[in-house]
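Read off the chains here:
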Amino acid sequence: MSSPLEQALAVMVATFHKYSGKEGDKFKLSKGEMKELLHKELPSFVGEKVDEEGLKKLMGNLDENSDQEVDFQEYAVFLALVTIMCNDFFQGFPDRP
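Reading guide: rules and limits
Residues numbered from 1 in each chain as written. Predicted model: local features only at pLDDT ≥ 70, side-chain atom pairs only at ≥ 80, totals over all residues. Heavy atoms only, no water. Salt bridge = Lys/Arg side-chain N within 4 Å of Asp/Glu carboxyl O. Helix = DSSP H or I, 4+ residues; strand = E, 2+ residues; numbered from the N terminus. Buried < 20%, exposed > 50% of the residue type's maximum accessible area, 1.4 Å probe, protein only. Core = buried A, V, L, I, M, F, W, Y, C linked by side-chain atoms within 4.5 Å. Contact = heavy atoms within 4.5 Å. Polar contact = N/O pair within 3.5 Å; in protein donor to acceptor, adjacent residues only side chain to side chain. Expected span 1.5 Å × (residues − 1). Arc of directions from axis to C-beta.

Describe the pattern of salt bridges, naming the residues involved and giving the relevant values.
Scanning the entire structure with this criterion turns up six salt bridges. Here E52 makes a salt bridge to K31, at a shortest N to O gap of 3.9 Å. Here the residue E52 occupies a position in helix α4 (residues 52–62), and K31 occupies one in helix α2 (residues 31–41), the gap between them amounting to 21 residues. With relative accessibility at 35%, the residue E52 sits in the partly exposed group. Across the pair E52 and K35 runs a salt bridge, and its minimum N-O distance is 2.4 Å. Taken together, the positions of E52 in helix α4 and K35 in helix α2 put the pair 17 residues apart, joining distant regions of the chain. Linked by salt bridges that have partners in common, K22, E36 and K40 make up one network.

Have a look at this one:
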């Protein structure tokens, strides 16, 4: 039986591959694929509609090799940053998760 952390890692990998490859390279997320991932998998973070300007800025910041796509390593950096933000947010709550 997998531990909760092992399950979380599997979900992160599976989520990337669920969206990658719908447009072009199956091992990278295009802007459209990233938009769909954010909208469907992180609705609490992006709201009802993904901000196009914010998405453009996010893609630019994540895209280390400037290929206009997000590969798995760049996606992992994104998840690490989101996780750090969540940790920082909950630091001030006495009954944090």
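Outline the nonpolar core, listing residues and values.
Core analysis: the largest hydrophobic core is formed by 16 residues, its most contacted members being L29, M34, L38, L55, V70, Y75 and F78. Sorting the residues of this core by element identifies α1 (4–19), α2, α4 and α5 (72–90) as the ones contributing at least two each. Top contributing element to this core by residue count: α5, with four residues. Those residues in contact with L29, other than ones at most four positions away along the chain, are F16, Y19, S20, M34, L37, M59, E69, V70 and Y75.

With reference to specific residues and values, describe the side chain of S20.
Residue position: S20 is located in the loop between α1 and β1 (28–29). In this structure the side chain of S20 is engaged in a polar contact, spanning 2.8 Å, whose partner is the backbone oxygen of K26. Setting aside residues no more than four positions away along its own chain, S20 makes contact with D25, K26, F27, K28, L29 and E33.

Could you give an account of α5, with specific residues and numbers?
Between its terminal C-alpha atoms α5 stretches 27 Å, which fits the 27 Å expected from 19 residues at 1.5 Å a residue. For α5, the complete set of buried residues consists of E74, Y75, F78, L79 and V82. Buried residues of α5 fall within an arc of 145 degrees about the axis and therefore sit on the same side. Facing away from the buried side of α5, by more than 90 degrees, are the exposed residues Q73 and T83. The distance from a side-chain oxygen at the start of α5 to the backbone nitrogen of Q73 is 3.2 Å, and the residue carrying that oxygen is D71.

Provide a residue-level description of the side chain of K28, including the pertinent values.
Tracing the backbone through its elements, the reader meets K28 in strand β1. At 2.6 Å, the side chain of K28 forms a polar contact with the side chain of D67. Dropping the residues within four chain positions of it, K28 is found in contact with F16, S20, G21, E33, N65, D67, E69, V70 and D71.

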